[in-house]
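Okay, here's what each chain looks like letter by letter:
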Amino acid sequence: MEKSKYPLYFSFPAIIVFLVFFITPTVIGFYYSFTDWNINASSIKFNGLDNYKELFNEPRLKQAFTNTLIFAAAVTVLQNVAGLGLALILNEKLKLRNLLRMIFFMPYVIAPLVIGYIFRAIYHPEHGIVNKFFDTIGLDFMMQDWLNDPKFALFTIIITDIWRVAGFSMVVYLAGLQFIPKDLIESASIDGAHYWTRFKHVVFPLLAPAFTVNILLAMIGSMKVFEIVMVLTEGGPGYTTEVFYTYIRNTFSSGEMGYATAINMLLFALVTLVGVPVLMAMKKREVEM
Amino acid sequence: MRKKLSPFALEILAIALALLILIPFFMIFVNSFKGIRESALFGLSLPSTWEFSNYKDVFKQDNILRGFKNSFLLSALVVVCVNLFASMAAFVIQRRGGKFLNGVYMAFIMGLIVPVSIIPTIRLMDVLHIKGTYFSIVMYYTAVLLPFAVFLLVGFIKSVPRELDEAAILEGCGYFRLYLKIILPLISTVLVTVSIVVIVSVWNDFFGPFYLVTDSTKWTIVLQVFNFVTLYSTNWGIVFAFMIVVITPVLIIYLFLQRYIIDGLTAGSVKG
């Protein structure tokens, strides 16, 4: 059948909505990031690279940039380690397998904002169950002010996010594991391969698609982190947990729209620079398969 | 590891890890029945006196019902828009191809990665005179969620044989009927996945309405939580009761649909 007979206009509603409500704001954002747009000023003037110049001299941007990268790298690695670990465990024939899978995925369906509030209580320096736990088992030195101590705050947020998303990675890895033919693993074990060898030479290579999906999603998701940080620390103490979106929010609240848009453009550049190569690698492999 | 851990040891390990997930939920549950002093201790013990009045206080707030209504309305509208627009587009992108549609597909794939420029979006809504309307927020979510839906659906439609199209067209079926009567039913499992992901995203989102909805009568339930905590953070019992009220419907839906969620992610993610 001729391909050209499929009606092109079927794609129009999607294209129009995407063009108007996604691409247009991105493009006009690019323009506004070169203006002095301020909520209190009567007019918007073009001011060239001023916003960017100011931003690059701003230690706070450096902080937000570093923190976002640390957060994204740590979450990507830990989420995948945790997710793969859970998947390997729950791929075995355990009695409570289905129930356990369901429990691990559960945090993913709860609003990140609500999770942030729950963990604010959990990390409370005096009453929170984390410190109470360390106190009870006699590890008093482990008791910390998890969210207000600059040494720990970012780490605490990372752990909280892992708690939230590990189950998602688990499900994707479980999916990948299902695609591995059972007889392949069996023949490997008959050949005398131990668990670790089998994992390295049979399971790991065949899990490659699940890895790409998980790593891509974890990376782009974590660079866009907002609610968890906003609720847990608001970017503090100081700016030690500031990420792009909390920085944007604070600049937005003070009415500096042009400046806030410039921050958004930098996030845009960062995510594109990191995400696109990974995506391209993914597409290339897809062709090979 | 020389030998595999025994299944029993693995099971114990898995249960211990599952407790890490369950304890925070248990913590808010028991504290939601505690009085103002006791709940501020965030403990895991059962309440000394059960304060059911916390829940009564929560339901006395009429903005909560309104919040639920708004979240429900938005989720439903976005589900319809995303499924309809994405499936139509994915159908011709996969079947027709060509330079233009491949370009469109690439644009959607890029949309999967890059972040929304939120402040210009507010400006755009303002210029279009739709700022703060349900329409504007439905369009915002549709635009944001379309890339993912198109990506998933294009991948899936590949598995629907073209011979079916040919047979249908030979029988005198038009392209619209082909899409409606043959393609849509065959991709219905993925549409369920798309719907679930859309519902979870819209229902739980704070970012979008925080920036785009100024009128408090249009606030979603998550925005109500934000507002409520700011107002009532002195009484954690009531705050926790509110959280239980907010997450219970999501958890119930999840319990019923978790098979589809997990199967759908399975089918979609690794295939994609």
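Each remark here, short or long, concerns the structure printed above.
Residues numbered from 1 in each chain as written. Chains lettered and ligands numbered in written order. Predicted model: local features only at pLDDT ≥ 70, side-chain atom pairs only at ≥ 80, totals over all residues. Heavy atoms only, no water.

A closer look at the overall build of chain B
Part 1 of the argument: For chain B, the count of helices and strands is 13 helices and zero strands.
Part 2 of the argument: The secondary structure elements of chain B, listed N-terminal to C-terminal, are α-α-α-α-α-α-α-α-α-α-α-α-α.
Part 3 of the argument: When its C-alpha atoms are laid out on the principal axes, chain B stretches across 75 × 65 × 35 Å.
Part 4 of the argument: By sequence separation, contacts in chain B at least 24 residues apart represent 70% of the contacts at least 6 residues apart.
Part 5 of the argument: For chain B, the accessible surface area stands at approximately 12,100 Å², while carbon and sulfur atoms represent 70% of it.
Part 6 of the argument: In chain B, 21 side chains carry a positive charge and 13 a negative one; their mean positions are 5 Å apart. (Helix = DSSP H or I, 4+ residues; strand = E, 2+ residues; numbered from the N terminus. Contact = heavy atoms within 4.5 Å. Areas by Shrake-Rupley, 256 points an atom, 1.4 Å probe, with all protein chains shown as cover. Lys, Arg positive; Asp, Glu negative; His and termini not counted. Charge placed at Lys NZ, Arg CZ, Asp CG, Glu CD.)

Let's talk about the interface of chain A and chain B
Part 1 of the argument: Listed per partner, the contact involves 97 residues of chain A and 99 residues of chain B.
Part 2 of the argument: On the chain A side of the interface with chain B, the three residues burying the most area are A:Y6, A:F10 and A:F21, jointly 9% of the side's total.
Part 3 of the argument: Inspection of the region where chain A meets chain B yields zero salt bridges.
Part 4 of the argument: Counting the contacts that link chain A with chain B gives 14 residue pairs in polar contact (both at pLDDT 80 or more).
Part 5 of the argument: It is helix α13 (residues 257-288) of chain A that provides the largest number of residues to the side of chain A that touches chain B, a total of 16 residues.
Part 6 of the argument: Classifying every residue of the side of chain A that touches chain B by side-chain character gives 69 nonpolar, 14 polar and 14 charged. (Buried area = accessible area lost by both parts, 1.4 Å probe. Salt bridge = Lys/Arg side-chain N within 4 Å of Asp/Glu carboxyl O. Polar contact = N/O pair within 3.5 Å; in protein donor to acceptor, adjacent residues only side chain to side chain. Nonpolar A, V, L, I, M, F, W, Y, C, P; charged D, E, K, R; others polar.)

Section: the environment of B:A241
Residue and element names in this part refer to chain B.
Part 1 of the argument: On the secondary structure map, A241 appears in helix α13 (residues 236-271).
Part 2 of the argument: Residue classification places A241 among the buried positions, given a relative accessible area of 0%.
Part 3 of the argument: Between the C-alpha atoms of A241 and M88, which are 153 residues apart in sequence, the distance is 43 Å.
Part 4 of the argument: Setting aside its immediate chain neighbours within four residues, A241 contacts S32, N54, Y55 and V58. (Buried < 20%, exposed > 50% of the residue type's maximum accessible area, 1.4 Å probe, protein only.)

Some points on helix α12 (residues 244-253) of chain A
Residue and element names in this part refer to chain A.
Part 1 of the argument: Burial analysis of α12 places seven of its 10 residues in the buried class, the great majority of the element.
Part 2 of the argument: Within α12, burial applies to F244, Y245, T246, Y247, I248, R249 and T251.
Part 3 of the argument: Note on α12: the residue one or two positions beyond its end, G255, has a positive phi of about 85°.

Re unusual backbone geometry
Part 1 of the argument: The peptide bond linking A:G236 to A:P237 adopts the cis configuration, its omega dihedral lying at -10°.
Part 2 of the argument: In this structure, A:E234 is a non-glycine residue whose phi angle is positive, near 55°.
Part 3 of the argument: You can see A:E234 is positioned in the loop between α11 (227-232) and α12.
Part 4 of the argument: Of note, the phi angle at B:H129 is positive, near 60°, even though the residue is not glycine.
Part 5 of the argument: Its place among the elements puts B:H129 in the loop between α6 (118-127) and α7 (134-157).
Part 6 of the argument: The class of B:H129 is exposed, set by a relative accessible area of 73%.

Focus: the pattern of salt bridges
Residue and element names in this part refer to chain A.
Part 1 of the argument: Tallying each qualifying case throughout the model produces seven salt bridges over all chains.
Part 2 of the argument: Among the ionic pairs, E242 bridges to R60, the shortest N-O distance being 2.6 Å. In this pair, E242 sits in the loop between α11 and α12 while R60 sits in helix α3 (residues 59-90), placing the two residues 182 residues apart along the sequence. Each member of the pair, E242 as well as R60, carries the same accessibility label: buried.
Part 3 of the argument: Two residues, D149 and K151, come together in a salt bridge whose shortest N-O distance is 3.9 Å.
Part 4 of the argument: The exposure class assigned to D149 is buried, which follows from its relative accessible area of 17%.

With respect to the environment of A:A208
Residues and elements named next belong to chain A.
Part 1 of the argument: Inspection of the secondary structure assignment puts A208 in helix α10 (residues 208-223).
Part 2 of the argument: We classify A208 as partly exposed; its relative accessible area is 27%.
Part 3 of the argument: Separated by 22 residues in sequence, A208 and E186 place their C-alpha atoms 20 Å apart.

Focus: the packing of aromatic side chains
Part 1 of the argument: What the rule picks out here adds up to 53 aromatic pairs over all chains.
Part 2 of the argument: Ring centres 6.4 Å apart and planes at 20° place the aromatic pair A:Y31 and A:F46 in the stacked group. Of this pair, A:Y31 sits in helix α1 (residues 12-32) while A:F46 sits in the loop between α1 and α2 (50-56), placing them 15 residues apart in sequence.
Part 3 of the argument: Residue A:Y31 is classed as partly exposed on the basis of its relative accessible area, which comes to 40%.
Part 4 of the argument: With relative accessibility at 57%, the residue A:F46 sits in the exposed group.
Part 5 of the argument: Taken together, the ring pairs in this structure connect A:F226, A:Y245, A:F252, B:F206, B:F207, B:F210, B:Y211 and B:F226 into an aromatic cluster.
Part 6 of the argument: The cationic tip of B:R123 hangs over the ring face of A:W37; the distance from NZ or CZ to the ring centre is 5.5 Å. (Phe/Tyr/Trp six-rings, centres within 6.5 Å; stacked < 30°, edge-to-face > 60°. Lys NZ or Arg CZ within 6 Å of the ring centre and 35° of its normal.)

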